[in-house]
Amino acid sequence: ALAVRAKGFAPTAMMIDTSGNADTTERVALALARGAAMSGRVLDDKRKPIANARVVATSASEPFPVVDPRRDGVLTGADGSFSIPAVAAGTWRLTATSGDYAPTTSEPLTVDGASARGGVELVLARGGIVRGTVQDKAGKPIAGADVSVVVQGYTPWRARRQAFSDDTGKFSIAGLAPRGYDVVAWHDTGASAITPVDLAAKREHEVTLALDVNGAITGTVVDKTGQPIGDAQVVAHPEWTGGTGDRAGWSVRGIQETVTDQAGAFRFAGMPDGTYRVRAARPGASEAALSLSTGVATKPDAAPIKVVVPADGRLIGKVQMADGKPPIGFTVALGATYPVAFSNKDGAFALPAAAGTYPMTITGLGFVAVTKDVTINEGKDNDVGTISVTPGRSISGRVIDQHGVPVAKALVAAGALLTGGGAELYIKDESIMAKDTETDENGRFVLQGFPPAPLTVVAGKDNVGRSTSIRLPPGPDSATLELVLGATTKLEGKITRSGGPVADAVVIANPIGATSSNFFVVTGPDGTFALDALAPGTYLVYPMLGGGGGRPKDMYWRKVEVALGSKAKVEIDATPGPVTLTITVKTDKGALVSTVQVAAVQAVVTASSLEEVRDGSWLPQGEQVVPIYMRGLSEGTATIEGMRPGAHTVCATSGDPRRDPNAKVKCVPAKLTTAAKQSATIVVPSAWTEAK
């Protein structure tokens, strides 16, 4: 975390990733905004002031706020008053905590960053308590068990409180907010089932956590000669394509990680049934290096496994443009590891990594990304030679304001998928195949190096405005654009489910016509969300209950008009239905298919491409909410729980249209009744699964 403060400005912070490469200088930029004070009082539920309560402001429009209450918060005085010196313009939530009181969070508060905002009252009531006993399967108390109380929600970074059981197996965690939680215990002898508790319905809960999940994964980490590696890093993660509940449960249990003893041995206890992949890396290796390990697939209580970690080698090579000159700068990444930047006179690079075969990706501003498999041998320099890159498709043009005046230092981004926040135009690490640049003093820009896939382009500058998101069709031709920055507007709303708020859920706004442009935030404890800076237009707005990318997810789409000069408001009901649908995908030759994803839409959609399903233009205007469910296949089938009765369209999709212009889709109608369990079958051409 990198935090910056300056008098008269609102503090700002960001997370930074570094490669650890001592030969590389990495540069970051932070923008400071002027701010004004925000003040108020913290009271108890009898209207008495609370001294020494801690109050912290968190941006409601930032999906990943970097906030440390101890560093960024302020303490109340004897009269319960507080004052935060500088808060930038935008939408904020204030959170107050004090001892065993329940933390409280305000509704979203909008400030202009110039005028002081006072009179905010935060009322703390008695906190909820989860207490109980941890015991083994025979009922014997267990001391030293790790108990986690995790708020219920749909993001993996939800708040977690932890405690250890005492000598009698008892534990107590107080000062909890009145909402739903999941409680789980872990010990080196096993783990408990996940127990839900609702502190909104009942302030105190007594639970007994039995350590009856006793599956264990054991093994050793060795080098290629069979010698054990002590202090090796080891992680275990499940290999399944199950529903959103499976992933939520796994995030409650937390990351399964350990280090080996000096004999190279490791053990994971309390593992639920399923198939897991265990990966390992040498001591001192970067955390990302674990992703390079192919690992070993195993199940709890199977025979001990052996994970082989080879010694490091080094990948060397050169990058050059078609004219033989090196690019100005480029990055090299192996697998999912952090890209390492290079900039030199001859385009040379050298990258140490554990021996093995990995995909290597070379990216840069002026050329099309190149991905190829490379092999690194232990203790050797492995030369991949000179890799020639091509300029590819380019996007150039000019950024102007509404009066036609060129805008210098405007940010321009383009890519297969562009992701921004509620106020931030572009989040590089959340975007796909994306590049960005700043305009020159004449408002001109050039971005090169795009493949012939669909592209989305957007531009913006703080205190000037932003352009609408523009979608360019697939093809090899370059494009020249004039991007007009206009005033932005706001969108706020609330997500509910079964009559209650949906907290800790990602909410996305996609502009119709350019749905590969995402702007997202996360709901607060009351289910509210706010996006502070959107270009006017029509948007698909939806909570995403599950994971991004190809992970299982439930979405509830609603079409919303966001007009200039007024704050758009929307409420979305994400209440599930009673139907469980099993979808089978097979080829026209009768073979089951497990290499595609399935999507179910509660609407009648006629689509010849996946883009037509995704663009949302077919959605009705108004208050209608359309559920969308996405799942992967296991042995040719996928199960979707919580669907609502009615007319649906069920689709099988092969490929991602944001990366692959030849992505395929096959859709069939499905009429769901009120019956609890139903099924549907999709037949796709055999060519989908045949080798090219």
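Refer to the structure above for everything that follows.
Below or above, wherever it landed, is the structure these notes cover. (Residues numbered from 1 in each chain as written. Predicted model: local features only at pLDDT ≥ 70, side-chain atom pairs only at ≥ 80, totals over all residues. Heavy atoms only, no water.)

### Quick notes on the sheet that holds strand 47 (residues 537-546)
Note the threshold: In this scheme, strands are said to pair when DSSP sees at least two bridges between them. Only DSSP runs of H or I reaching four residues or more are called helices, and only runs of E reaching two or more are called strands; each is numbered from the N terminus. Note on geometry: axes are C-alpha line fits, over the in-contact stretch for helices, and angles between N-to-C directions span 0 to 180 degrees.
Read across the sheet, 9 strands follow the order 35-45-44-47-48-52-51-54-55 without closing on themselves; strand pairing throughout is mixed. Two strands bound the open sheet, and with one partner strand each, they are strand 35 (418-420) and strand 55 (664-672). Here the strands of the sheet are splayed against their neighbours by 25° on average, with no regard to which way each runs. Bridging between strand 35 and strand 45 (residues 517-522) involves 3 bridges; their strand directions are parallel. Bridge pairing in strand 45 places Gly420 opposite Phe519.

### Looking at the packing of aromatic side chains
Within a pair of aromatic rings, the relevant descriptors are the distance that separates the centres and the angle that separates the planes. The criterion, for reference: Each aromatic pair joins two rings of Phe, Tyr and Trp (for Trp, the six-membered one) with centres within 6.5 Å, and gets the label stacked for planes under 30 degrees apart, edge-to-face for over 60, and tilted for any other angle. Burial classification: accessible surface area is computed with a 1.4 Å probe over protein chains only, and a residue below 20% of its type maximum counts as buried, one above 50% as exposed, and the rest as partly exposed. For a ring to carry a charge above it, either NZ of a lysine or CZ of an arginine must fall within 6 Å of the ring centroid while also lying within 35 degrees of the normal to the ring plane.
Overall, the coordinates contain 9 aromatic pairs when judged by the stated rule. Both rings, one in Trp250 and one in Tyr276, keep their centres 5.8 Å apart while their planes meet at 45°; by these two values the pair is tilted. Of the two residues, Trp250 is situated in helix 2 (residues 244-253) and Tyr276 in strand 23 (residues 276-281); the sequence distance between them amounts to 26 residues. One exposure class covers both Trp250 and Tyr276, and it is buried. Taken together, the ring pairs connect Phe64, Trp157 and Phe520 into an aromatic cluster. For Lys435, the ring lying beneath its charged end belongs to Phe367, and the centroid distance is 6.0 Å. Here the guanidinium or amino end of Lys435 rests over the ring plane of Phe450, the centre of that ring lying 5.9 Å away.

### Regarding the sheet that holds strand 18 (residues 204-210)
Overall, mixed pairing links the 3 strands, which are arranged 14-11-18 in an open sheet. A single partner strand is all that each edge strand has here, and the edge strands are strand 14 (170-176) and strand 18. Sheet twist, expressed as the average angle between the axes of neighbouring strands with direction ignored, equals 20°. Pairing geometry for strand 11 (residues 128-135) and strand 18, over 7 bridges, is parallel. Directly across from Val130, in strand 18, lies its bridge partner His205.

### Remarks on the state of the cysteines
How we decide: Note on terminology: pairs of cysteine sulfur atoms within 2.5 Å are recorded as disulfides.
By the definition in use, this model includes 1 disulfide. Disulfide partner of Cys651: Cys667, at an S-S distance of 2.1 Å. Across the disulfide from Cys651 to Cys667, rotation about the S-S bond amounts to roughly 105°, and the bridge is consequently right-handed. Taken together, the positions of Cys651 in strand 54 (residues 646-654) and Cys667 in strand 55 put the pair 16 residues apart, joining distant regions of the chain. Owing to a relative accessible area of 1%, Cys651 belongs among the buried residues under this scheme.

### Some remarks on the environment of Leu619
As a reminder of what qualifies: Pairs of residues are marked as contacts when any of their non-hydrogen atoms sit within 4.5 Å.
Here Leu619 shows up in the loop between helix 3 (610-614) and strand 52 (626-632). Take Leu619: its relative accessible area is 4%, and that puts it in the buried class. Residues Leu619 and Ala311, 308 residues apart in the sequence, show an inter-C-alpha distance of 55 Å. Beyond its immediate stretch of four places on either side in the chain, Leu619 contacts Leu540, Trp557, Lys559 and Val626.

### Observations concerning unusual backbone geometry
With a phi angle near 70°, Asp301 is a residue other than glycine that sits in the positive phi range. Within the fold, Asp301 resides in the loop between strand 24 (296-298) and strand 25 (305-308). A residue is classified by how much of its surface remains accessible, and Asp301, at 59% relative accessible area, is exposed. Its identity as a non-glycine residue notwithstanding, Asn463 has a phi of 70°, on the positive side.

### Quick word on a negative patch on the surface
Spelled out, the test is: The patch calculation keeps residues exceeding 30% relative accessible area without a salt bridge and links them within 9 Å when they carry like charges or within 5 Å when they are nonpolar (Val, Leu, Ile, Met, Phe, Trp, Tyr). Accessible surface area values rest on a Shrake-Rupley calculation with a 1.4 Å probe, where residue burial reflects the displayed protein chains alone. In the sections that follow, a salt bridge refers to a side-chain nitrogen of Lys or Arg positioned within 4 Å of a carboxyl oxygen of Asp or Glu. For the purpose of charge, His is not counted, nor are the chain termini; Lys and Arg are scored as positive and Asp and Glu as negative. A charged residue contributes its charge at one atom only: NZ of Lys, CZ of Arg, CG of Asp or CD of Glu.
Side chains of Asp17, Glu26, Asp429 and Glu430 sit close together on the surface and give a patch of like negative charge. If you trace the backbone, Asp17 turns up in the loop between strand 2 (12-14) and strand 3 (35-44).

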